[in-house]
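# Inside the fold
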Amino acid sequence: MNNVPGSVCVFCGSTPGSDRRFADAAQRLGSLLAEQGVTLVYGGGSMGLMGIVADAALARSGKVIGVIPRALVDKEKAHPRLTELRVVKTMHERKAAMADVSDGFVAMPGGFGTLDELFEALSWSQLGIHAKPCGVLNVAGYFDHLLKFLDHATENGLLRPASRAMVLVERDETAMLAAMGRYQPAKVARWVAANER
C-alpha cells in the first residue's frame with residue numbers, strides 16, 4: 001500500500017502550548033492535508049492547535065469536518081467556517097463519529113483529551129475493530145517520554161511488540177502522511193486467546 005489516506009483525523013490541543021513549533025507544525029499539517037486533497041477531521045474547535053490546523057486547511061480550500069459535543073460548543077468555541085460541523089451529545093459519540101469518517105489518525109501535542117483519543121484509536125486497532133494507521137507527530141520531541149513509556153510497557157510484557165509497532169512516529173508531517181500511505185495493519189493475537197493456549 002502506498003496511497004495517501006482520503007481523510008485524516010487529527011488529535012491535538014485546544015490550547016497552543018508554550019512552544020511555537022507546535023503551532024507551526026499544526027499550520028503545516030493543515031496546509032499539507034488540503035494540498036494533498038485529504039479531508040481533515042478533528043474536534044471542531046476554533047481555539048489552540050485545533051483551530052490552527054483547521055484554519056490552515058481552510059486557507060488552502062481544504063475540506064474540514066469538525067465533530068464536537070454540544071457541551072463543548074461554547075467552551076472550545078466551535079469553529080464557524082468548517083465544511084461540516086457535527087454536533088453530538090457525548091465525548092463517546094464524538095470519538096466514534098471521528099473514527100467513522102477517517103482513514104487514519106494523527107496525534108499532535110495535546111493533553112488528556114489528545115491522549116485519550118490516540119489510545120482509544122490504538123486500542124481499537126489492537127482489537128481488530130479497525131485497521132487504520134495511527135501516528136504520532138513528534139513535534140520538537142514532545143512525545144519522547146510517552147514513547148519511552150510504551151517501550152517500557154513492551155519490555156515488561158504488557159504490550160506486545162506487534163502492538164507497539166502500530167504507533168507510527170515521525171517528526172515531519174510530510175513523512176507522516178507518507179508513512180500512513182505505506183501502513184500495513186499488524187496481526188496481533190488477542191491476549192486472552194494467547195494465554196489460553
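Shown above is the structure to which this text applies.
In this report, we go over the structure that sits alongside the text. (Residues numbered from 1 in each chain as written. Predicted model: local features only at pLDDT ≥ 70, side-chain atom pairs only at ≥ 80, totals over all residues. Heavy atoms only, no water.)

The next subject is the sheet that holds strand β5 (residues 105–107). The strand order across the open sheet formed by 7 strands is β4-β3-β2-β1-β5-β6-β7, and the pairing between neighbours is parallel. Every interior strand has two partners, whereas the edge strands, β4 (84–88) and β7 (167–170), have only one. Going from strand to strand, the sheet's axes swing by 25° on average, the running direction of each strand aside. Here 5 bridges tie strand β3 (residues 64–69) to β4, and the two strands are oriented parallel to one another. (Pairing = 2+ DSSP bridges. Helix = DSSP H or I, 4+ residues; strand = E, 2+ residues; numbered from the N terminus. Axes fitted to C-alpha atoms, helices over the stretch in contact; angles between N-to-C directions.)

Where helix α1 (residues 20–35) meets helix α7 (residues 173–182), the closest approach of the two axes is 9 Å, and the angle between their N-to-C directions is 45°. Classified by the angle between their axes, α1 and α7 sit oblique to one another. Relative to α7, α1 is oriented so that their crossing is right-handed. Only Glu173, Thr174 and Leu177 of α7 make contact with α1, whose side of the interface consists of Ala25, Arg28, Leu29, Leu32 and Leu33. For the contact of α1 with α7, a count of residues per class yields 5 nonpolar, 1 polar and 2 charged. (Parallel < 35°, antiparallel > 145°, perpendicular 65-115°, else oblique. Left-handed = near helix turned anticlockwise from the far one by under 90°. Contact = heavy atoms within 4.5 Å. Nonpolar A, V, L, I, M, F, W, Y, C, P; charged D, E, K, R; others polar.)

On to the pattern of salt bridges, then. Throughout the structure, instances matching the rule amount to 10 salt bridges. Linking Arg86 and Glu84 is a salt bridge whose minimum nitrogen-to-oxygen distance equals 2.6 Å. In this structure Arg86 comes out as partly exposed when scored by relative accessible area, which is 29%. One salt bridge in this structure joins Asp116 and Lys95, with 2.9 Å as the shortest N-O distance. Here Lys95 lies in helix α3 (residues 91–100) and Asp116 lies in helix α4 (residues 112–126), a separation of 21 residues in the sequence. Overall, the relative accessible area of 9% leaves Lys95 in the buried class. A network of salt bridges, in which partner residues are shared, links Lys95, Asp116 and Glu120. (Salt bridge = Lys/Arg side-chain N within 4 Å of Asp/Glu carboxyl O. Buried < 20%, exposed > 50% of the residue type's maximum accessible area, 1.4 Å probe, protein only.)

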